[in-house]
Amino acid sequence: MTSSTNSIIIPPSADRLAAADVPCQADSALAARMDEIFPAGGLLARYLPGYEPRQGQLTMARAVATTLDPETADETSAPPATAAAEVAPRPRLLVEAGTGTGKTLAYLVPAVLSGRRVVVSTNTINLQEQILAKEIPFIQRYLAPWLQAMCVKGRGNYLCLRRWHQLLAKSRQGQLFGGHQNGAELEQLAAWVAETGSGDKAELSGLADNSPLWASLNAAGGHCLGSSCPHGAECFITALRRQAARAHLLIVNHHLFFSDLAVRRFGHAEVLPRYEAVVFDEAHHLENIATRHFGLSLSHYQLLDLVRDLEGMAEERLRDNDRARLLQNARALGVEADRLNHFFPASRGRFALLPLLAEHPDWAGLRDDLRRDFDALGRNLEELGQAAEIWNPLMRRSRELAATLEASCQPPADSADNDIYWYERLEKTVFIGRSPIDIAPHLREHLHNQVKATVFTSATLRTGGDFCYVKNRLGLPADCPELALETPFDYAGRTLLYVPDQEMPPPGASGHPEASRRLMRELVQCSRGRALLLFTSLGAMRQAASELAATLPYPLLVQGEAPRQLLLEQFHRRTRSVLLAVASFWEGVDVPGESLSCVIIDKLPFEVPSDPVIMARVDKIKQDGGNPFVDFQVPRAVLMLRQGVGRLLRSTADRGVLAILDSRLFSKGYGRIFRQSLPPSPICRELARVREFFEDDG
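Calculation rules
- Residues numbered from 1 in each chain as written.
- Predicted model: local features only at pLDDT ≥ 70, side-chain atom pairs only at ≥ 80, totals over all residues.
- Heavy atoms only, no water.
- Pairing = 2+ DSSP bridges.
- Helix = DSSP H or I, 4+ residues; strand = E, 2+ residues; numbered from the N terminus.
- Contact = heavy atoms within 4.5 Å.
- Axes fitted to C-alpha atoms, helices over the stretch in contact; angles between N-to-C directions.
- Parallel < 35°, antiparallel > 145°, perpendicular 65-115°, else oblique.
- Left-handed = near helix turned anticlockwise from the far one by under 90°.
- Nonpolar A, V, L, I, M, F, W, Y, C, P; charged D, E, K, R; others polar.
- Buried < 20%, exposed > 50% of the residue type's maximum accessible area, 1.4 Å probe, protein only.

### Quick notes on the sheet that holds strand 17 (residues 598-601)
Here is step 1: Spatially, seven strands are ordered 15-16-14-17-18-13-19 in an open sheet, and the strand pairing comes out parallel. Edge positions in the sheet fall to strand 15 (556-558) and strand 19 (683-684), since each of these pairs with one other strand and no more.
Here is step 2: The strands touched by helix 25 (residues 628-645) within the sheet are strand 14 (531-534), strand 17 and strand 18 (656-660), with strand 17 carrying the most contacts at an inclination of about 155°.

### Some points on the packing of helix 5 (residues 103-113) against helix 6 (residues 125-142)
Here is step 1: Their axes nearest at 11 Å, the elements helix 5 and helix 6 cross at an angle of 50°. The pairing of helix 5 with helix 6 is recorded here as oblique in orientation. The element helix 5 and its partner helix 6 pack so that their crossing is right-handed. Taking contact as the criterion, the partners of Thr 104, Leu 105, Tyr 107, Leu 108, Val 109 and Val 112 in helix 5 are, on helix 6, Ile 131, Glu 135 and Ile 139.
Here is step 2: The residue makeup of the contact of helix 5 with helix 6, split by class, is seven nonpolar, one polar and one charged.

### Here's the deal with the pairing of strand 3 (residues 118-122)
Here is step 1: Burial analysis of strand 3 places five of its five residues in the buried class, the great majority of the element.
Here is step 2: Residues Val 118, Val 120 and Thr 122 point to one face of strand 3 and Val 119 and Ser 121 to the other, with burial holding for every one of them.
Here is step 3: Where strand 3 and strand 5 (residues 249-253) come together, five bridges link them in parallel fashion. Paired with Val 120 across the two strands is Ile 251, which belongs to strand 5.
Here is step 4: By the bridge criterion, four bridges tie strand 3 to strand 6 (residues 277-280) in an arrangement that is parallel. Bridging across to strand 6, Val 118 finds its partner in Ala 277.

Have a look at this one:
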């Protein structure tokens, strides 16, 4: 793979680059303003404590400014002839900004000064809140005192007052929360409800993320009665919408953005008002998240949740025969929901759905019973809705769940169906759904062709040195402007990359797990604790934790044994401890200083090839004449590896060792692509070099 002629790579030591040098970007008045803000002597240097001017940050700010500038954008923007037309020539920009570039301010400042209503979409709520608490107040004080910015979260983060009052009524009747712990939790909530102005769960520091109590109180869309709600005048979601309509800058996460984008296809929006431009931070997540929201899914919990709400409404609103009939219909559906949950095998994971349904003799009967109960419930709710509008939202919710269930289990007669059908078994529930095999056409139609200007940025967008993979997967044109800004951190002088020699058995060989754990122990001893161990599977992590606990003199912190934030706080504070983790810890871990001096990765993070969505995408690439391993599986593993490696240096003062315990980096041809994608750390194959490195830091 070769880098596009439309990309430019800026090393941290480069001389000043004019915006006109950025490919496909004409200079603009907004871009010129960045020269007053970002360089030495500029506004940030004068007023932001600890600010260090960085050439990459200025270059990115100028490129983003030119992309978002209404004068530049309007010259190139024209609405497509049809919604399904090819990508319109609207301003787009891909920016890979290495760790330490300062990309958040580099896109926020031009976004605010563009005069457009801009959505900033991140992968995590934590980053949303950081932007709102840290960067926005500075911008408001020194650059844009008129700025109205707000963080918008999904409806499930906000309290539903109707559900809250229903719960209070049941509590007074002694139907709920008889235990002391639940009673105390209810009292805490009551005090908060009396004071809160937003209804945002984030204000409740003592409430667990997975609180069953909150699940029964949140304002998720399926529970909303709309204009029929007796608490509509006080509704937090209604107030949120009004506030969002006045804001210049909306900060959301990817899940909310794509949930809103998906429902816009049907002519109505969830929360977000109309916007002109979008900046996607942590954009390497977009394919997976867009896949979820442009597909369909439901869990048996959603069916039970509907049943509980129907029971509550029946007890509150109906009497005698009407109440008895609705309760009977709702509880019949609840019985079938439990049957649906137990129908699927107990093995956890995501699996192909249609072969199971075709082979299982009980499926036809279960499907017919679910259809019958949904039909009976729908007729019941329709009759109630003719007498009182308050029942109509529940009727729509019931019909939507029935339609989702049907569409998730029954492919259309059209042989051109481009979805993959799956089920996912979790500990206590099961999801069934369908996902688009290729998300690019959906993004072209509903994002690229509709939004006037878009910026995609992340610390990891390139694989093998170019943007070809991410452009292909996100449906971006080949000539989309690109900008690659290398990290200002001194990997060449302050890090070492250790890869075991050819005697190390490769992953999959019988001796690899034992050899890997032996090397982990020796590396941790070299680093005197201070190590983050990243695994590609829970089983490997648990086995390593068991063995290392018996042989290492350092405290071991293991993912799953405490909340994520608590583990990270302990890891940072203790200095000479060892943190073992999988999945989410490959990114978003920011531990500057001595506590994280060694990152150890057990093997190259290829995804499980049995996942039905991955298998479907592999098959499609084969059908299209491509090489799925090189074109799809390797790039996805490269992006995840780069995220894991990026945990090491988080400040200019950091130093440490990266260890990737996978000899395939040198023994396989594709190892070259991985090596090209890693930072410029000196490579060693001997543990003696690692010992020398750590001896140098005392």
